[in-house]
Structures are given as C-alpha cells and as structure tokens.
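These are the residues of each chain, in order.
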Amino acid sequence: MSYTSTELMVTAAAKELHDGETAFVGIGVPMLTCNLAKSTHAPNLELVYESGVVGAPISTGGVPTSIADPKLASDSTGIYPMYEGFSRVLQGGRIDVGFLGGAQVDRWGNINSTVIGEYDDPEVRFPGSGGACEIACNAGRFMIITPHERRRFPETVDFVTSPGHVDGQGGRERHGLQGGGPSTVITDKAVMRFDDSGEMYVEKLHPGVTRAEVQEATGWELPFADDVGETTEPTPEEVRLIRDVLDPDRIYIDVPEE
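Residues numbered from 1 in each chain as written. Predicted model: local features only at pLDDT ≥ 70, side-chain atom pairs only at ≥ 80, totals over all residues. Heavy atoms only, no water.

Trainee: For this particular structure, what's the right way to read the packing of helix H1 (residues 5-14) against helix H2 (residues 29-39)?
Mentor: Relative orientation and spacing of two packed helices are given, respectively, by the angle between their axes and the distance between those axes. Interaxial distance between H1 and H2 falls to 8 Å at its minimum, and their mutual angle equals 55°. With respect to H2, the axis of H1 lies oblique. Helix-helix and strand crossings are classified by hand; for H1 and H2 the assignment is right-handed. Side by side, H1 and H2 meet where Thr6, Val10, Thr11, Ala13 and Ala14 of the first sit next to Val29, Leu32, Thr33, Leu36 and Ala37 of the second. Looking at side-chain class alone, the contact of H1 with H2 contains seven nonpolar, three polar and no charged residues. (Axes fitted to C-alpha atoms, helices over the stretch in contact; angles between N-to-C directions. Helix = DSSP H or I, 4+ residues; strand = E, 2+ residues; numbered from the N terminus. Parallel < 35°, antiparallel > 145°, perpendicular 65-115°, else oblique. Left-handed = near helix turned anticlockwise from the far one by under 90°. Contact = heavy atoms within 4.5 Å. Nonpolar A, V, L, I, M, F, W, Y, C, P; charged D, E, K, R; others polar.)

Written out as structure tokens, the structure is:
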C-alpha cells in the first residue's frame with residue numbers, strides 16, 4: 001500500500017487520541033490527526049482550536065488554512081474569545097491533550113522555537129512561543145510531531161521555549177507546572193515515549209526504518225525499548241479519509257502524482 005511519511009505520522013498520532021477527550025488543536029498535521037480520529041475510533045473527541053473555536057466539524061468547504069479561517073467557525077459548537085480559550089479552558093485544566101512542534105526537541109521533551117545559538121546573538125531567531133508554552137505547561141499531556149533530523153534533536157535545546165520534563169523526574173513539579181508534559185514524540189522515523197525518569201526512548205520504528213537510522217538522526221545516545229515494535233501502517237480507509245475527505249486540496253500532505 002502506498003502512503004507518505006506525513007500520512008504515517010498522522011495515523012500514528014490519531015491512535016493516541018481517545019474518544020471523549022478534549023484536544024487543543026492547531027492547523028496542519030494536528031488538525032488532520034484529530035479529524036482522522038473523529039472519523040474513525042473517537043467520534044466524541046472535542047476539538048478546541050487556538051483561535052477559540054470549539055467543536056468545529058470536519059470541513060466540507062475546503063481545508064482551513066489558519067486558526068482564524070472562517071471555515072472553522074461554520075457549524076461549530078461555539079467561539080470563545082482567545083483570552084477565554086487560553087485562560088478558562090487551557091489554564092483551567094480542561095484540555096486533555098495538545099500538539100506541539102519546534103526547531104529543537106531534547107532528551108527530556110523540552111522544545112525550542114525561539115533561537116538557534118545564543119539568545120542575545122543567535123544564528124537564527126524564530127517567532128517564539130505563541131501559545132505553545134501555555135499548552136506545554138497546562139495540557140494534561142502533549143504530543144510532539146516533527147521530522148526526525150539530527151539538528152532537530154540535540155541532547156540539550158539552545159533555549160527552552162516550551163517545557164517538557166525539564167531536567168528529568170520531578171522537574172515539572174519543581175517548576176509548578178500543572179500539566180503532565182510530553183507523552184509521545186512522533187517523527188517520520190519512529191514513535192517515542194518517555195520513561196519514569198522523564199527521558200525519551202524509542203517504542204516503535206516505522207516500517208523499513210532501522211535503529212541505526214534513528215540513532216544517526218539523534219544528537220544523544222537514544223535508548224530503545226527492550227521489545228521495540230513496528231508502527232502499524234495506515235489502512236487503505238485511513239489513507240482515503242486523509243486524501244479524499246480531510247485534505248482533498250493537498251494543502252498539508254504531499255502525495256506524488258501517479
């Protein structure tokens with residue numbers, strides 16, 4: 001069966017979502033992930049978009065291209081002011097799962113989306129946190145979805161924009177963070193989780209990917225589970241839903257021409 005690495009990440013991430021949960025969602029791969037889960041095993045997944053839209057249905061009028069796209073508001077359950085979405089809903093502890101990405105992710109799941117290099121004299125300066133730090137601090141858990149490249153996975157991030165497990169077991173508690181921190185990292189090579197110490201390890205390899213390839217793309221000695229599994233491939237129905245229903249205009253997935 002033919003599928004892209006993005007489709008594999010979307011289907012793997014969708015399996016992490018449970019029926020009845022509330023997810024804090026951004027545009028792009030997280031949106032595809034949540035809507036795939038709603039279309040399959042989690043019909044009662046409640047979506048809260050960063051712009052304050054609650055309960056947006058799967059769009060039939062084209063794929064939303066930003067969190068302010070009016071398509072999200074059409075037939076939604078309601079719309080919060082953004083302040084209410086972040087304060088009463090997210091900081092109020094009402095979000096089960098969020099989604100994050102960034103320029104760097106380290107062994108404890110800390111995320112950098114601020115600078116590469118020294119903060120005062122960086123090699124590259126990025127847009128910064130946006131709402132990412134609030135999601136990392138307050139969601140019940142969050143997932144990281146990102147390409148797997150050595151430059152993206154250093155042992156220590158250059159700047160902690162959004163805290164993961166900080167510096168290991170108990171790090172979040174010492175900093176007064178109410179959320180549970182990162183639970184899963186899904187890349188185009190593997191599915192990774194965090195052990196009791198707060199350190200990332202490889203749980204599953206994607207089909208055709210070797211341990212050596214994952215290690216080569218990681219900036220520290222990455223632990224592997226004792227019984228490393230293989231990620232389940234997308235089913236034909238999941239691929240059809242992604243391509244024909246969720247992203248028919250190919251805005252977020254790159255499907256080769258047949």
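Trainee: Just checking my understanding: could you explain the side chain of threonine 11 for this structure?
Mentor: One can find threonine 11 in helix H1. Of the polar contacts made by the side chain of threonine 11, one reaches the backbone oxygen of leucine 8; its length is 3.0 Å. In this view, threonine 11 contacts Leu36, Pro234, Glu238 and Ile242; residues no more than four positions away in its chain are not counted. (Polar contact = N/O pair within 3.5 Å; in protein donor to acceptor, adjacent residues only side chain to side chain.)

Trainee: I'm lost on the environment of phenylalanine 159 in this one. Help?
Mentor: Counting through the fold element by element, phenylalanine 159 comes out in the loop between strand S10 (141-145) and helix H6 (171-174). Note on phenylalanine 159: relative accessible area 30%, which makes it partly exposed. Sequence separation between phenylalanine 159 and glutamate 118 is 41 residues; the distance between their C-alpha atoms is 8.3 Å. (Buried < 20%, exposed > 50% of the residue type's maximum accessible area, 1.4 Å probe, protein only.)

Trainee: For this particular structure, what's the right way to read the nonpolar core?
Mentor: Nonpolar side chains in soluble globular proteins tend to end up buried together. Counting 33 residues, the largest nonpolar core has Leu17, Ala23, Cys34, Leu45 and Tyr49 as the members making the most contacts within it. Listed by contribution, the elements that provide at least two residues to this core are H1, strand S1 (22-25), H2, strand S2 (46-49), strand S5 (97-100), S10 and helix H8 (236-246). Each residue touching alanine 23, except ones within four places of it in the same chain, is listed here: Cys34, Leu45, Glu46, Leu47, Val48, Val97 and Phe99. (Core = buried A, V, L, I, M, F, W, Y, C linked by side-chain atoms within 4.5 Å.)

Trainee: Looking at this model, I keep getting lost on the packing of H2 against H8. Mind explaining?
Mentor: H8 packs onto H2 with a crossing angle of 115° between their chain directions and a minimal axis gap of 11 Å. When you trace H2 past H8, the crossing you get is right-handed. Residues Leu32, Asn35, Leu36 and Ser39 of H2 touch H8, and the partners they reach there are Glu238, Leu241, Ile242 and Leu246. Among the residues forming the contact of H2 with H8, the class breakdown is five nonpolar, two polar and one charged.

Trainee: I would appreciate a short explanation of the packing of aromatic side chains in the present structure.
Mentor: Here a ring pair, both rings aromatic, is described through the centre-centre distance and the interplanar angle of the planes. Scanning the entire structure with this criterion turns up two aromatic pairs. Ring centres 5.3 Å apart and planes at 80° place the aromatic pair phenylalanine 24 and phenylalanine 86 in the edge-to-face group. In this pair, phenylalanine 24 sits in strand S1 while phenylalanine 86 sits in helix H4 (residues 82-91), placing the two residues 62 residues apart along the sequence. The exposure class of phenylalanine 86 is buried, given its relative accessible area of 14%. Measuring from ring centre to ring centre gives 5.3 Å for tyrosine 119 and phenylalanine 159, while their planes differ by 25°; the resulting arrangement is stacked. You can see tyrosine 119 sitting in the loop between strand S8 (115-117) and strand S9 (122-125) and its partner phenylalanine 159 sitting in the loop between S10 and H6, a full 40 residues away along the chain. (Phe/Tyr/Trp six-rings, centres within 6.5 Å; stacked < 30°, edge-to-face > 60°.)

Trainee: Quick question: what am I supposed to make of the pairing of S2 here?
Mentor: Each regular strand shows side chains that alternate between the opposite faces of the sheet. Bridge count for S1 against S2 is four bridges, and the pairing is parallel. Looking across to S2, one finds that phenylalanine 24 is bridged to valine 48. What joins S1 to S2 is H2, and the crossover it makes is right-handed. (Pairing = 2+ DSSP bridges. Right-handed = clockwise from strand over helix to strand, strands pointing away.)

Trainee: How should a negative patch on the surface be read in this particular structure?
Mentor: Where like charges cluster on the molecular surface, the negative patch consists of Glu118, Asp120, Asp121, Glu123 and Asp158. Tracing the sequence through the fold places glutamate 118 in the loop between S8 and S9. (Patch = residues over 30% accessible without salt bridge, like charges linked within 9 Å, V, L, I, M, F, W, Y side chains within 5 Å. Areas by Shrake-Rupley, 256 points an atom, 1.4 Å probe, with all protein chains shown as cover. Salt bridge = Lys/Arg side-chain N within 4 Å of Asp/Glu carboxyl O. Lys, Arg positive; Asp, Glu negative; His and termini not counted. Charge placed at Lys NZ, Arg CZ, Asp CG, Glu CD.)

Trainee: I keep staring at H1 and nothing clicks. Help me out?
Mentor: Every α-helical turn comprises 3.6 residues, leaving residues that sit three or four positions apart pointing alike. The element H1 is extensively covered by neighbouring structure, given that nine of its ten residues are classed as buried. Listed as buried for H1 are Thr6, Glu7, Leu8, Met9, Val10, Thr11, Ala12, Ala13 and Ala14. Those residues of H1 that are buried are in contact with H2, S10, strand S11 (182-186), strand S12 (190-194) and H8.

So, to be careful, I would describe these as geometric facts and stop short of saying anything about function.
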